[in-house]
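Examining the three-dimensional arrangement
The primary structure of each chain is shown beneath.
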Amino acid sequence: MVEVTLRVDMVVALHDPRRPIERAVASLLADGVPVRVTVVCHGIDPSPIAERLATVGAVPGSVRVVAFADGVQSPTGPFMYGLRMATAEHVGIMGSDDWLDPGALRAWLEAADLGADVVVGRLRHQSGQTVRAPLVRPWRTRRLDPVRDRLAYRTAPLGLFRRCLLSDPEWSLTPGLRTGDDLAFGVRIWTSAARIDYPRGRAAYVIGSDATERVTTAPHPVSDVLAPIEHLLDRPWFADLPAPVRRAVAIKLVRVHLLGAVAARTEASRWMPGEPERLAHVLARCVAQAPNVPAPFSRADRCVIDAALRPGVSAVTLAAVAERRRTASRLDGVLTARLRDALMRESTARRYLNYALSRFVERVRGDR
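These lines cover the structure that appears in this document, whether it is placed above or below. Quick caveat: nothing in here was measured; it's all calculated off a predicted structure.

With that settled, consider the packing of helix α8 (residues 243-263) against helix α9 (residues 275-287). Contact geometry of α8 with α9 gives a least axis separation of 10 Å together with a crossing angle of 165 degrees. Viewed along their axes, α8 and α9 adopt a mutual orientation that is roughly antiparallel. For the pair α8 and α9, the sense of crossing is left-handed. Here α8 contributes Ala250, Leu253, Val254, Leu258, Ala261 and Val262 to the contact with α9, which in turn contributes Leu279, Val282, Leu283 and Cys286. When the residues that make up the contact of α8 with α9 are grouped by side-chain class, the tally is ten nonpolar, no polar and no charged.

Let us look at helix α4 (residues 104-113). Buried within α4 we find Ala104, Leu105, Trp108, Leu109, Ala111 and Ala112. Down the axis of α4, the buried set is contained in an arc of 155 degrees. They therefore lie on one face. After α4 finishes, the residue Gly115 shows a positive phi value of roughly 120 degrees.

Applying the stated rule across the entire model yields five aromatic pairs. Seen in terms of ring centroids, Tyr352 and Tyr355 are 6.2 Å apart; in terms of plane orientation they differ by 40 degrees. Their pairing is tilted. Residue Tyr352 and its partner Tyr355 are both found in helix α13 (residues 348-365); the two are separated by three residues, about one turn of the helix. Taking relative accessible area as the criterion, Tyr352 reaches 47% and is therefore assigned partly exposed. Taken together, the aromatic side chains of Phe161, Trp171 and Phe185 make up a single cluster linked through ring pairs. Directly above the aromatic system of Phe297 lies the positively charged group of Arg255, at a separation of 4.9 Å from the ring centroid. Between Arg265 and the ring centre of Trp271, over which it is positioned, the NZ or CZ distance is 5.8 Å.

Attention shifts here to the state of the cysteines. A full pass over the atoms with the stated rule returns zero disulfides. The structure places no disulfide on Cys286, whose sulfur is separated from the nearest cysteine sulfur, that of Cys303, by 19 Å. Take Cys286: its relative accessible area is 0%, and that puts it in the buried class.

This brings us to the sheet that holds strand β4 (residues 90-95). Strand order across the open sheet formed by seven strands is β3-β2-β1-β4-β9-β6-β10, with mixed pairing between neighbours. With one partner strand each, in any of the chains shown, β3 (63-68) and β10 (196-197) form the two edges of the open sheet. Sheet analysis places strand β6 (residues 118-120) next to β10, joined by two bridges and oriented parallel. Note that in β10 the partner of Val118 across the bridge is Ile196. Packing of helix α1 (residues 21-29) onto the sheet brings it into contact with β1 (8-14), β2 (35-42), β3 and β4, and relative to β2 it is tilted by some 160 degrees. Running over the sheet, helix α5 (residues 183-190) touches β6, β9 (159-162) and β10 and is turned about 115 degrees from β6.

So, on to a nonpolar patch on the surface. Together, Trp139, Leu357, Phe360 and Val364 make up a nonpolar patch on the protein surface, roughly 460 Å² of accessible area in all. Considering the arrangement of structural elements, one finds Trp139 in the loop between β8 (130-131) and β9.

This part is about the nonpolar core. In this structure, Ile21, Val39 and Val118 are the most contacted members of the largest nonpolar core, which totals 60 residues. Once residues lying within four places of it in the same chain are set aside, the contact partners of Val118 are Leu160, Phe161, Leu165, Trp171, Ile189, Trp190, Ala194, Arg195, Ile196 and Asp197. Of all hydrophobic cores here, the second largest spans 43 residues; its members include Val245, Leu253, Ala315 and Leu318.

Read from one edge to the other, the open sheet built from four strands follows the order β5-β11-β7-β8, with strand pairing classed as mixed. Since the sheet does not close on itself, it has two edges, and those belong to β5 (99-100) and β8, each with one partner.

A few words on unusual backbone geometry. For the bond running from Ala133 to Pro134, omega is 5 degrees, close enough to zero to count as cis. As for its position among the elements, Pro134 is in the loop between β8 and β9. Phi is positive for Arg150, close to 50 degrees, though the residue is something other than glycine. Phi at Asn292 is positive, roughly 65 degrees, even though this residue is not glycine. Structurally, the position occupied by Asn292 is in the loop between α9 and α10 (299-308).

What follows concerns the side chain of Thr348. Inspection of the secondary structure assignment puts Thr348 in helix α13. Overall, Thr348 belongs to the buried group, its relative accessible area being 9%. Not counting residues up to four positions away in its chain, the partners in contact with Thr348 are Arg255, Pro296, Ser298, Gly333 and Val334.

A few words now on the pairing of β1. Here β1 lies mainly inside the structure; seven of its seven residues are buried. Burial along β1 is two-sided: Val8, Met10, Val12 and Leu14 facing one way and Asp9, Val11 and Ala13 facing the other are all buried. With seven bridges connecting them, β1 and β2 associate as parallel partners. Looking at β2, one finds that Val12 is bridged to Val39. On the question of chirality, the crossover connecting β1 to the parallel β2 by way of α1 is right-handed. The pairing of β1 with β4 spans six bridges and is parallel. Within the sheet, the bridge partner assigned to Asp9 lies in β4 and is Val91.

Basis of the calculations
Residues numbered from 1 in each chain as written. Predicted model: local features only at pLDDT ≥ 70, side-chain atom pairs only at ≥ 80, totals over all residues. Heavy atoms only, no water. Axes fitted to C-alpha atoms, helices over the stretch in contact; angles between N-to-C directions. Helix = DSSP H or I, 4+ residues; strand = E, 2+ residues; numbered from the N terminus. Parallel < 35°, antiparallel > 145°, perpendicular 65-115°, else oblique. Left-handed = near helix turned anticlockwise from the far one by under 90°. Contact = heavy atoms within 4.5 Å. Nonpolar A, V, L, I, M, F, W, Y, C, P; charged D, E, K, R; others polar. Buried < 20%, exposed > 50% of the residue type's maximum accessible area, 1.4 Å probe, protein only. Arc of directions from axis to C-beta. Phe/Tyr/Trp six-rings, centres within 6.5 Å; stacked < 30°, edge-to-face > 60°. Lys NZ or Arg CZ within 6 Å of the ring centre and 35° of its normal. Disulfide = S-S within 2.5 Å. Pairing = 2+ DSSP bridges. Patch = residues over 30% accessible without salt bridge, like charges linked within 9 Å, V, L, I, M, F, W, Y side chains within 5 Å. Areas by Shrake-Rupley, 256 points an atom, 1.4 Å probe, with all protein chains shown as cover. Salt bridge = Lys/Arg side-chain N within 4 Å of Asp/Glu carboxyl O. Core = buried A, V, L, I, M, F, W, Y, C linked by side-chain atoms within 4.5 Å. Right-handed = clockwise from strand over helix to strand, strands pointing away.

Here you go:
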């Protein structure tokens, strides 16, 4: 490939030679977009991988395989190493288990050519189920708003972004974390002044599920869940965000990360010493980010939040409220403590309504 024609640099991190790397790379090259794929072999021998990919790249120079070793069980190192090697105007990252639908990369680049600094790729699981993150307003495709389009729910920066944005040191995956290394990076992107677009259509980034072990979906200790949240809350730029933005992010952190950690532990024995207190501390920090953070949560969720915020919360208490939440009625899982709060943008009821409206619009457009 002639260097001057290069438009996109895509980085794929590979830590296990058993991954279907050929599928990932072939999908990136399928659209005929001037793209270079850099496969970063994380702690493994790159030579066999290069041999496997020798026939995948039809254009000379369209695929390069490089070695990287840092001894850290995290995708941050290889992803950032590959991004630092990039020279194209637009860059992106991909997991080695994943792939792109035909037409996805071309649609992303077309959106970038229309002025987008960041292009949010549509996601779906290998099973075909759409991942509604972010829950963008159904009629919106350009200049997304971090609050109204619920961008915080999209943690992974999957899509395209202009390489020049990486000059900001905060536009970086967080090193040293076993999981959530993209949390602060994603929030930094969504809350920046960058123009963010979301191309509609069928073509998507596909999250593969046929690997024998997928790191990003494996269960994690509570400490691993809390560490990226604490890192984000410690960022000076996060404290400077407008209160509505901090509130939206805080609600997402509580709903997805903290309530998720509690829900996965309905037995007291699954909590390690000190974990309930640390979770309560992080929860209190999230709630303190802006007024009325707990308001849009359902009654079942509020039961957990209120219990976790009580002084001296124990593993027994958290396990009990987790089980109560699991067996809560449908109404308690949807309605808020104050009925009028069910109309708030971040409420469960509003989310269900947005899901339904999004599905209807997709059927009308033929996106599904």
